[in-house]
Amino acid sequence: MDPDSRPALKVTVLVTLYNKGPFVEEAVRSLLANSFAGFELLVVDDGSTDGGPAIVRGIGDPRVRVVESAVNTGRAAAANRGYDLARGEYIAVLDADDIAHPERLARQVAFMDANPEVGACGSWMQAFGANDTLLRFPLSDRDARAIMLFGIPVSYGACMFRRSVIEEHHLRCDPTWKLPGMDYLFMLHVGFHTQYANLPEALASYRKGGQNMRHGRDPVQDARLLYRTIFDLFGLQVTDDEVDLHLFLYELDRSPPTAGQVRALFRWKNKLLRMNQERGAFPDPEFTAIVEKRWDRLFHTLVRCDARAAFAHMRCSGRVRERAGYLVRFTWRRWMGRPMT
């Protein structure tokens, strides 16, 4: 092909690879099958010992660049090498065990071209493997910012970044962060400098299983450390006990709170809303609505496992008259071995 007739390099697709050899070929081929033409695929290996880089090189496509490391440096440092080497106007991310939709790059490039104020565009994701849920993310910048304290605002593994934003503000992942959540922290830093968006369709499939970084770890301890860092990032002064209470609003899969913890959680909820009114860190009324919804949703968990904690929730919410009958009926049916569905 005449070099002058080749499509311009619009996108660098960044894949970081560490011991995901059984999955990486499917990930790479899903990208190479995309309908969009003007891209390079940059695979940054981080000292894999399972032959993954050789599998990628064996595909033999000239659009693929493989960058290897003699030692394992961590996912964040590997991603940073990719950001340093990216040449496209946009940088799209795909994890080495995930799969890209054939129209992913085309849809995101069209959106980014049409919306220059957006510097990070993700999409919904279809989980598969251990479960097959559809992972939905907020569409607008305000709605994405409103969930910043409760989850990642843009799906990193399906995200396309504007490289000019990344370079102008020298945005990089924290190479010292070795725990799950590197992508969450990076997305929060990106949001300090540009707008978010997510497209309302699953443009990537997220493989859930034993190869995931979170697999086999203590999710509560990881979340404590992550949220301590996130509150500090936003300049919100909170205690370690308040961080632990926040995990109930985060809806982490853990034992539900006791009656005493419910009362403490109610005080934390109100403090969180007051802090945001004073600092304006997250958009209102969207943020308040999310906090109140998560607090209210907790009642339905409590009523199934601890009547005293559920009653404490009702009293704090001022909804004893409204919900007492439901609690009594549910508790009675549970005692009779006929729980309500």
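Figured I'd write up the structure that's included with this text. The model shown is predicted, which means the values in this text are computed figures rather than measured ones. (Residues numbered from 1 in each chain as written. Predicted model: local features only at pLDDT ≥ 70, side-chain atom pairs only at ≥ 80, totals over all residues. Heavy atoms only, no water.)

**Quick notes on the overall build of the chain**
At step 1: The number of helices and strands found in the chain is 13 helices and nine strands.
At step 2: Taken over C-alpha atoms, the radius of gyration comes to 23 Å for the chain, in line with the 20 Å a tight globule of 341 residues would show.
At step 3: With respect to the three principal axes, the spread of C-alpha positions in the chain is 75 × 45 × 35 Å.
At step 4: Split into buried and exposed, the 341 residues of the chain put 50% on the buried side.
At step 5: If you take every contact in the chain between residues at least 6 apart in sequence, the share linking residues at least 24 apart comes to 75%.
At step 6: Carbon and sulfur atoms make up 53% of the accessible area of the chain, which totals about 15900 Å². (Helix = DSSP H or I, 4+ residues; strand = E, 2+ residues; numbered from the N terminus. Rg over C-alpha atoms; globule rule 2.2 N^0.38 Å. Buried < 20%, exposed > 50% of the residue type's maximum accessible area, 1.4 Å probe, protein only. Contact = heavy atoms within 4.5 Å. Areas by Shrake-Rupley, 256 points an atom, 1.4 Å probe, with all protein chains shown as cover.)

**Digging into the side chain of S48**
At step 1: On the secondary structure map, S48 appears in the loop between β2 (39-45) and α2 (52-59).
At step 2: Engagement of the side chain of S48 in a polar contact is seen with the backbone nitrogen of N19, the distance being 2.9 Å.
At step 3: Engagement of the side chain of S48 in a polar contact is seen with the side chain of D45, the distance being 2.5 Å.
At step 4: If we skip the residues at most four places from it in the chain, S48 touches L17, Y18, N19 and P53. (Polar contact = N/O pair within 3.5 Å; in protein donor to acceptor, adjacent residues only side chain to side chain.)

**Regarding the pattern of salt bridges**
Where charged atoms from two side chains of opposite charge come close, those side chains can pair.
At step 1: All chains considered together, the criterion is met by 26 salt bridges.
At step 2: Between R319 and D296 there is a salt bridge whose closest N-O contact spans 2.6 Å. Note that R319 is positioned in the loop between α12 (307-317) and α13 (320-335) and D296 in helix α11 (residues 286-302), a separation of 23 residues in sequence.
At step 3: Look at R319 and you get partly exposed, because its relative accessible area is 23%.
At step 4: The class for D296 is partly exposed, based on a relative accessible area of 24%.
At step 5: As a salt-bridge pair, R323 and D296 come within 2.9 Å of each other at their nearest N and O atoms. Taken as a pair, R323 in helix α13 and D296 in helix α11 lie far apart in primary sequence, 27 residues in all.
At step 6: Its relative accessible area of 7% is what places R323 among the buried residues.
At step 7: Connected through salt bridges with shared partners, the residues D296, R319, E322 and R323 form a single ionic network. (Salt bridge = Lys/Arg side-chain N within 4 Å of Asp/Glu carboxyl O.)

**Examining the packing of aromatic side chains**
At step 1: All told, the structure shown has 14 aromatic pairs when counted by the stated rule.
At step 2: Ring geometry for F231 versus W268: centroids 5.7 Å apart, planes at 85 degrees, classification edge-to-face. One end of the pair, F231, is in helix α8 (residues 219-233); the other, W268, is in helix α10 (residues 259-279), with 37 residues separating them in the sequence.
At step 3: Owing to a relative accessible area of 1%, W268 belongs among the buried residues under this scheme.
At step 4: Here the aromatic cluster, defined as three or more aromatic residues joined through ring pairs, consists of F150, F192, F234, F282 and F287.
At step 5: Above the plane of the ring of W124 lies R136, whose end atom (NZ or CZ) is 4.6 Å from the centre. (Phe/Tyr/Trp six-rings, centres within 6.5 Å; stacked < 30°, edge-to-face > 60°. Lys NZ or Arg CZ within 6 Å of the ring centre and 35° of its normal.)

**Let's talk about the packing of α11 against α12**
Each pair of packed helices can be described by the angle between their axes along with the distance between the axes.
At step 1: Contact pair α11 / α12: the axes reach a minimum separation of 8 Å and the direction vectors enclose 155 degrees. In terms of orientation, α11 lies roughly antiparallel with respect to α12. In this structure, α11 crosses over α12, and the sense of that crossing is left-handed. Judged by residue contacts, W295, D296, L298, F299 and L302 of α11 engage A307, A309, A310, H313, M314, C316 and S317 from α12.
At step 2: Partitioning the contact of α11 with α12 into residue classes produces nine nonpolar, two polar and one charged. (Axes fitted to C-alpha atoms, helices over the stretch in contact; angles between N-to-C directions. Parallel < 35°, antiparallel > 145°, perpendicular 65-115°, else oblique. Left-handed = near helix turned anticlockwise from the far one by under 90°. Nonpolar A, V, L, I, M, F, W, Y, C, P; charged D, E, K, R; others polar.)

**Quick notes on the packing of α8 against helix α9 (residues 240-249)**
At step 1: Viewed as axis vectors pointing N to C, α8 and α9 meet at an angle of 115 degrees, and their least axial separation amounts to 9 Å. Along this stretch, α8 crosses α9, giving a crossing that reads as right-handed. Across the interface between the two elements, V220, A223, R224, Y227, R228 and F231 of α8 pack against D240, V243, D244, H246 and L247 of α9.
At step 2: Its residues assigned to classes, the contact of α8 with α9 shows six nonpolar, one polar and four charged.

**So, the side chain of R172**
At step 1: Tracing the backbone shows R172 in the loop between α6 (163-168) and α7 (182-191).
At step 2: Side chain to side chain, R172 and D84 meet in a polar contact 2.9 Å long.
At step 3: Apart from residues no more than four positions distant in its own chain, R172 is found in contact with N80, Y83, D84, I166, E167 and F186.

**With respect to the nonpolar core**
At step 1: Counting residues in hydrophobic clusters, the biggest one holds 108 residues, and the most contacted among them are V11, L41, Y83 and F161.
At step 2: For this core, the leading source of residues is α10, giving eight residues.
At step 3: Ignoring any residue separated from it by four or fewer positions in sequence, one finds V11 in contact with F36, G38, F39, E40, G88, E89, Y90, A92, L105, V109 and M160. (Core = buried A, V, L, I, M, F, W, Y, C linked by side-chain atoms within 4.5 Å.)

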